Amino acid sequence: MPTRILPAVGDADAVRSLTTLLSQLPDAEPVAPVTDSTQLVDTLARLAAESIDELPEVVVVHERIGPVPALELIRDVALRFPAVGVILVTSDASPGLFQAAMDYGARGLVALPLSYEELASRVNAVAQWSMGVRRHLGAGGDVFSGVGGTVVTVSGAKGGVGATLTAIQLALAAQTSGRDAALLDMDLQTGDIASYLDIQFRRSVVDLAAINDITPRVLADAVFRHDSGVALLLAPGDGERGEEVTDRAARHIVSALRSRYEVVVIDCGSQLSGASAAAVEMADTALLVTTPDVVAVRGAKRTVRMWDRLQIRKAEETMIVVNRHTRSAEIQPALIQRITGTGIAATAIPANFKELQGAVDSGRVHELDPKSTVKQALWGLAGELGLVKGTEGAAPQRRDGRARGTDRAALTFRRRKEIGR
């Protein structure tokens, strides 16, 4: 069986030299190269969704791949696609880099300039390792976790547009439907999830910032399990400590959460930091919440353009959510879509702060009335994003033993409405 090899190289000259050598290897089947980190992860995710057998045995990552640094990319691939062997191609073959590459999950290192013998030896060894892992996983049934959990980021076009409330309700909807959900507060200086849920917890995301290997035990010690069942990883109480969470730390934390939970919702706030930028880049779905007014829509357009300039997220890969929507507003969702050049959620959140005020002021937004049109719309949005399971069968139970039938009604609101048409 030929060994499928996927090169990940951003430099055109390096692509030609690497693919030429790979094509000369015995029993090798090089596939079309990818030119950046985002394209690599997207390609592997698409193949993994079909079957583990569709994944290449070997991925060759060039040191100058971008925008995610090579070692960070290797770690992400190793965590999300454990049956794929990764080789790093680098001009620095020092013992220090070799050790770092192994720590990040690489299975081999090849020095530049490329040598046929060295490349052939490394590819052969890594391919054998990959096939051995796949045989083991095949006997284990459900051991392979594929692309991991779904990550959704929620950002605000400006402050006060409702990003935090949206993130909380999406996580609650996913958890209530039967998925194991986590909610991460990546609004590191002004995060308010703890206030919205009226909780106090001494651990925060900062406690994981300096840890390179976030094991399930370490992660479990840092998260707070809310009464709703959602796992919370909160922003630090002292906002200045948010600077300790670098983009590298954010990638480790998001990867750890993705590997543990089915749904990970991240509140990124309205201010861009290295950590929130890393989260948006890694997300399966990036939401940008705006209200239908000129200032907020301008903020949304500014954010979308900034993400594109910094190669964080393309406009067409971003989804706008319109909050406080009214039919009488001059600015409607279709216009916002044309202005920003993004996708737009079919679900618009109605303007009805009276429904929210009591729950927000008391820090009990998780107990928002299921009949609330705002809650029904937000949970409908969760359904639109694929964050909830089907609604058939018995209602899940609360921790106090009472059925959650009223909460489930919010999940099925949109479906019943469509049936009634």
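Keep in mind the model is a prediction, meaning the values are calculated, not measured.

Caption draft 1: Geometry of the overall build of the protein. Each helix and strand in the protein was counted, giving 15 helices and 13 strands. When the 421 residues of the protein are sorted by exposure, 51% land in the buried category. A separation of at least 24 residues holds for 75% of the contacts in the protein among residues at least 6 apart in sequence. Summed over all atoms, the accessible surface of the protein reaches about 19,100 Å², with 49% contributed by carbon and sulfur.

Caption draft 2: Fine view of the packing of helix H6 (residues 163–176) against helix H14 (residues 373–384). Viewed as axis vectors pointing N to C, H6 and H14 meet at an angle of 65°, and their least axial separation amounts to 9 Å. Classified by the angle between their axes, H6 and H14 sit roughly perpendicular to one another. The two elements H6 and H14 cross, and the hand of that crossing is right-handed. Contacts between H6 and H14 involve Leu 165, Thr 166, Gln 169, Leu 170, Leu 172, Ala 173 and Thr 176 from the former and Lys 375, Leu 378, Trp 379, Leu 381 and Ala 382 from the latter. A breakdown of the residues in the contact of H6 with H14 according to their chemical character gives eight nonpolar, three polar and one charged.

Caption draft 3: Looking closely at the packing of helix H9 (residues 247–260) against helix H10 (residues 274–282). Packing of H9 against H10 leaves a shortest axis separation of 8 Å and a crossing angle of 40°. Judged on the interaxial angle alone, H10 and H9 are oblique. Between H9 and H10 the crossing geometry is right-handed. Along the contact surface, H9 presents Asp 247, Ala 250, Arg 251, Val 254, Ser 255 and Arg 258, while H10 presents Gly 274, Ala 275, Ala 278, Ala 279, Glu 281 and Met 282. Among the residues making up the contact of H9 with H10, the classes are represented as six nonpolar, two polar and four charged.

Caption draft 4: Inspection of the packing of aromatic side chains at higher detail. Evaluation of the coordinates by the stated rule reveals one aromatic pair. Just above the ring of Tyr 261 sits the side chain of Arg 260; from NZ or CZ to the centre is 4.6 Å.

Caption draft 5: Highlighting the pattern of salt bridges. Here the structure, examined in full by the defined rule, presents 13 salt bridges. The residue Glu 72 makes a salt bridge to Arg 248 at a minimum N-O spacing of 3.2 Å. Here the residue Glu 72 occupies a position in helix H3 (residues 70–80), and Arg 248 occupies one in helix H9, the gap between them amounting to 176 residues. Judged by its relative accessible area of 35%, Arg 248 falls in the partly exposed class. Across the pair Arg 241 and Glu 244 runs a salt bridge whose closest N-O atoms are separated by 2.9 Å.

Caption draft 6: Geometry of the confidence of the model for the protein. Mean pLDDT over the protein stands at 86; residues scoring 70 or higher make up 89%. A low-confidence stretch, residues 408–421 stays under pLDDT 50, and its non-local contacts, those more than four residues away or across chains, total 23 contacts.

Caption draft 7: Region of the structure containing the side chain of Arg 75. Of note, Arg 75 is situated in helix H3. Looking at Arg 75, the relative accessible area reads 13%, which means it is buried. Excluding residues that lie within four positions of it along the chain, Arg 75 makes contacts with Asp 103, Tyr 104, Asn 212, Asp 213, Ile 214 and His 252.

Caption draft 8: A look at the sheet that holds strand S7 (residues 181–185). In space, the eight strands of this open sheet follow the order S8-S9-S7-S10-S6-S11-S12-S13, with mixed pairing throughout. In this open sheet, the two strands that pair with only one neighbour each are strand S8 (224–225) and strand S13 (343–344).

Caption draft 9: Spatial organisation of the environment of Leu 381. Structurally, the position occupied by Leu 381 is in helix H14. For Leu 381, a relative accessible area of 0% corresponds to the buried category. Apart from residues lying up to four places away in sequence, Leu 381 is in contact with Thr 166, Leu 170, Val 321, Ala 345 and Thr 347.

Caption draft 10: Structural detail: the nonpolar core. Formed by 46 residues in total, the largest nonpolar core has its most connected members in Leu 184, Leu 233, Val 245, Ile 253, Leu 257 and Ile 266. Excluding residues that lie within four positions of it along the chain, Leu 257 makes contacts with Ala 182, Leu 184, Leu 219, Leu 233 and Val 264.

Caption draft 11: Highlighting the side chain of Ser 130. Structurally, Ser 130 is set in helix H5 (residues 116–140). When residues no more than four places from it in sequence are discounted, the contact partners of Ser 130 are Glu 57, Ala 83, Val 84 and Gly 85.

Caption draft 12: Structural detail: the pairing of strand S5 (residues 108–111). Because side chains alternate across S5, one face comprises the buried residues Gly 108 and Val 110, and the other comprises Leu 109 and Ala 111, equally buried. This β-α-β element, strand S4 (residues 85–90) to helix H4 (residues 95–103) to S5, shows right-handed connectivity.

The rules behind each value
Residues numbered from 1 in each chain as written. Predicted model: local features only at pLDDT ≥ 70, side-chain atom pairs only at ≥ 80, totals over all residues. Heavy atoms only, no water. Helix = DSSP H or I, 4+ residues; strand = E, 2+ residues; numbered from the N terminus. Buried < 20%, exposed > 50% of the residue type's maximum accessible area, 1.4 Å probe, protein only. Contact = heavy atoms within 4.5 Å. Areas by Shrake-Rupley, 256 points an atom, 1.4 Å probe, with all protein chains shown as cover. Axes fitted to C-alpha atoms, helices over the stretch in contact; angles between N-to-C directions. Parallel < 35°, antiparallel > 145°, perpendicular 65-115°, else oblique. Left-handed = near helix turned anticlockwise from the far one by under 90°. Nonpolar A, V, L, I, M, F, W, Y, C, P; charged D, E, K, R; others polar. Phe/Tyr/Trp six-rings, centres within 6.5 Å; stacked < 30°, edge-to-face > 60°. Lys NZ or Arg CZ within 6 Å of the ring centre and 35° of its normal. Salt bridge = Lys/Arg side-chain N within 4 Å of Asp/Glu carboxyl O. pLDDT = per-residue confidence, 0-100. Pairing = 2+ DSSP bridges. Core = buried A, V, L, I, M, F, W, Y, C linked by side-chain atoms within 4.5 Å. Right-handed = clockwise from strand over helix to strand, strands pointing away.

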